[in-house]
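Secondary and tertiary structure notes
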Amino acid sequence: MSAVLSNALPFDRLVDACASDWRAYIEHPFVRGMGDGALPEASFRHYLKQDYLFLVHFARAWGLAVYKARSMGELRQGLDILKAIVDLEMGLHISWCAEWGVSEDDLAMLQESRATMAYTRYVLDAGASGDLLDLHVALAPCVVGYADVASWLLAQPFLKRDGNPYMRWIDMYADAEFQQAAQAERDWLNARLAGVTPERFAQLSRIFRDATRLEADFWQMGLTLAD
Ligand SMILES: Cc1ncc(CO)c(N)n1
């Protein structure tokens, strides 16, 4: 119903067009388990390891955004995000893994799970076969979604703060810096999506929905320890 509300912001219309998939991703049992602290540590460790591989391909996807750039502004945008992932986020992730008992050697020897492959290669293909907007729409569930996951969790009555081993993870994505990056992505998408035809919007909605479902599968992979 709300999917046809044409006065809504374009990004919100993307979400509305796959509302049940988006909720299944944001409110996934893995996410709830981080919120109430009941998620088994083995599931979180499995997720952390696969997320390292995800980040490698995520960085490649922003490298692809640099390649797909058509202006100085687009070049700069892709480059800045690529640098932030490689110089900051991946280093943080490696030390985070170390705290959870996963060494750099462990990370170097990891086997990629099917859910990781499916998601990351989907995003890379959406970008390779499309333009910069296709790529950003495929990446939006990562960037905007994790910010929404953290905000959603902070608003839940079941959130357990004291003694919750996942609270630092939640705080990291609730942090102003990550929330601002997500808002910058929403703003960029709202500007770019404003001018597209209904046919193009429908095409991009499918990419957004596919990527959202693959994000939910990524949580599920963590939960079930799937390889
Ligand atoms: C799977 C996945 N999606 C999104 C993010 C946020 O960057 C992440 N670290 N991992």
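Structure report, in brief. The shown structure was predicted, so the numbers you read here are calculated from the model rather than taken from an experiment.

This brings us to the overall build of the protein. A tally of helices and strands in the protein yields 11 helices and 0 strands. Starting at the N terminus, the α and β elements of the protein follow one another as α-α-α-α-α-α-α-α-α-α-α. Here the protein has a C-alpha radius of gyration of 17 Å; the compact-globule value for 227 residues is 17 Å, and the two agree. With respect to the three principal axes, the spread of C-alpha positions in the protein is 50 × 40 × 30 Å. When the 227 residues of the protein are sorted by exposure, 48% land in the buried category. Residue pairs at least 24 apart in sequence account for 81% of intrachain contacts in the protein once pairs closer than 6 positions are excluded. Of the roughly 11000 Å² that the protein leaves accessible, carbon and sulfur atoms contribute 56%.

This part is about the packing of helix α8 (residues 132-154) against helix α9 (residues 167-174). Each pair of packed helices can be described by the angle between their axes along with the distance between the axes. Here α8 crosses α9 at 120°, and the two axes come no closer than 8 Å. Classified by the angle between their axes, α8 and α9 sit oblique to one another. As α8 packs across α9, the resulting crossing turns out to be left-handed. From α8, Y146, A147, V149, A150, L153 and L154 reach across to α9, where they touch M167, W169, I170, Y173 and A174. Split into classes, the residues belonging to the contact of α8 with α9 amount to 11 nonpolar, no polar and no charged.

On to the site of the ligand, then. Around the ligand sit D51, F54, F58, E89, C142, Y146, Y173, E215 and F218, and those are all the residues in its vicinity. In the environment of the ligand, a nitrogen atom lies 2.6 Å from a nitrogen or oxygen atom belonging to the side chain of D51. Separating a nitrogen atom of the ligand from a side-chain N or O atom of Y173 is a distance of 3.4 Å. Elements supplying a minimum of two residues to the shell around the ligand: α4 (41-68), α8 and α11 (198-224).

Next up on the list: the packing of helix α2 (residues 19-26) against α8. Packing of α2 against α8 brings their axes to within 9 Å, and their N-to-C directions diverge by 65°. Handedness of the α2/α8 crossing: right-handed. Contacts between α2 and α8 involve W22, Y25 and I26 on the former and, on the latter, P141, C142, G145, Y146, D148, V149 and W152. Residue classes in the contact of α2 with α8 are distributed as 8 nonpolar, 1 polar and 1 charged.

Before going further, it helps to examine unusual backbone geometry. Notably, L225 is not glycine yet its phi reads approximately 60°, a positive angle. In this fold, L225 is placed in the segment after α11.

This paragraph deals with the pattern of salt bridges. Summed over all chains, the structure comprises 13 salt bridges. With a closest N to O distance of 3.2 Å, R209 and D21 form a salt bridge. Taken together, the residues R209 in helix α11 and D21 in helix α2 connect sequence positions 188 residues apart. Classification of R209 as partly exposed rests on a relative accessible area of 33%. On the basis of relative accessible area, D21 is assigned to the buried category, the value being 17%. Through salt bridges with shared partners, a single network forms among D21, R209 and R213.

What counts, and at which threshold
Residues numbered from 1 in each chain as written. Predicted model: local features only at pLDDT ≥ 70, side-chain atom pairs only at ≥ 80, totals over all residues. Heavy atoms only, no water. Helix = DSSP H or I, 4+ residues; strand = E, 2+ residues; numbered from the N terminus. Rg over C-alpha atoms; globule rule 2.2 N^0.38 Å. Buried < 20%, exposed > 50% of the residue type's maximum accessible area, 1.4 Å probe, protein only. Contact = heavy atoms within 4.5 Å. Areas by Shrake-Rupley, 256 points an atom, 1.4 Å probe, with all protein chains shown as cover. Axes fitted to C-alpha atoms, helices over the stretch in contact; angles between N-to-C directions. Parallel < 35°, antiparallel > 145°, perpendicular 65-115°, else oblique. Left-handed = near helix turned anticlockwise from the far one by under 90°. Nonpolar A, V, L, I, M, F, W, Y, C, P; charged D, E, K, R; others polar. Near = heavy atom within 4 Å. Polar contact = N/O pair within 3.5 Å; in protein donor to acceptor, adjacent residues only side chain to side chain. Salt bridge = Lys/Arg side-chain N within 4 Å of Asp/Glu carboxyl O.

By themselves, these are just geometric observations and shouldn't be taken as functional.
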